[in-house]
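# Coordinates in review
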Amino acid sequence: MNIDRMEFFAWMERIMERFDVLKQHIIDIQKQRNTIDGEELLDNQDLLQMLKISHRSLQRYRSSGKLPYYTISGKLYYKLSDVHQFIRDSFNVPLQRTKDNG
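So, a few notes on the structure that sits alongside this text. All values reported here derive from a predicted model rather than from experimental measurement.

A few words now on the nonpolar core. Ranked by size, the top nonpolar core spans nine residues in total: Leu42, Leu47, Leu48, Leu58, Leu67, Leu76, Tyr78, Val83 and Phe86. Where this core is concerned, the elements lending two or more residues are α2 (44–51), β4 (75–79) and α4 (80–91). Once residues lying within four places of it in the same chain are set aside, the contact partners of leucine 48 are Ile53, Ser54, His55 and Leu58.

Rendered as structure tokens:
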């Protein structure tokens, strides 16, 4: 079985086009799965790594209402914009003055 150079390049071109199509399908599926209303969603693991906090701390933020969350098919998700707002609010909390710190 002998194929000429042109036939080989034609086959390779078709294979590369298929890879490009598959790559785009994978990207579309990832975007669709991790977004709601066009906004990126993060799961518990993403948030634990991002904020470097424990599971219990994350649960406390949810329970206190400081961090909004969504349950989809039994799994918890957080909107990226909500996480950014939570971080901004956490850094903007004024220190309460006591007699000891003046």
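Attention shifts here to helix α3 (residues 55–63). Residues of α3 that are buried include every one of Ser57, Leu58 and Arg62, and no others. The arc that holds the buried residues of α3, viewed along the axis, is 140°, so those residues lie on one side. Buried-residue contacts for α3 involve α2 and β4.

This paragraph deals with unusual backbone geometry. The backbone phi angle of lysine 52 is positive, close to 55°, even though this residue is not glycine. Among the secondary structure elements, lysine 52 is positioned in the loop between α2 and α3. Non-glycine residue serine 73 carries a positive phi angle of around 55°. Tracing the sequence through the fold places serine 73 in the loop between β3 (70–72) and β4.

Another point: the pairing of strand β2 (residues 39–43). Every other side chain in a regular strand lies on the same face of the sheet, so the side chains alternate between the two faces. Summarising the sheet, strand β1 (residues 35–36) and β2 pair through two bridges and their orientation is antiparallel. Within β2, the position partnered with threonine 35 by the bridge is glutamate 40. In sequence, β1 turns back onto β2 through a hairpin of two residues, with aspartate 37 there showing a positive phi of about 55°. Examined bridge by bridge, β2 and β4 share three bridges and lie antiparallel to one another. Among the inter-strand pairings, leucine 41 is bridged to a residue of β4, identified as lysine 79.

What counts and what doesn't
Within every chain, residues take consecutive numbers counted from 1 along the sequence as written. Whole-chain, interface and lining totals are the exception, using all residues; otherwise, since this is a predicted model, local features are given only for residues with pLDDT of at least 70 and side-chain atom pairs are given and counted only at 80 or more. Side-chain descriptors were evaluated using all non-hydrogen atoms of the structure, hydrogens and water having been removed beforehand. Put simply, a nonpolar core is a bunch of buried Ala, Val, Leu, Ile, Met, Phe, Trp, Tyr and Cys residues held in one set by side-chain atoms that sit within 4.5 Å of each other. Here the term buried applies to any residue with accessible area under 20% of the maximum for its type, exposed to any over 50%, and partly exposed to those in between, with areas from a 1.4 Å probe on protein chains only. A run of H or I in DSSP counts as a helix once it spans at least four residues, and a run of E counts as a strand once it spans at least two, with each numbered from the N terminus. Here, two residues are considered to be in contact whenever any of their heavy atoms come within 4.5 Å of each other. The arc in question is the one traced by the directions running from the helix axis out to the C-beta atoms. In short, DSSP must find at least two bridges between two strands for them to pair.

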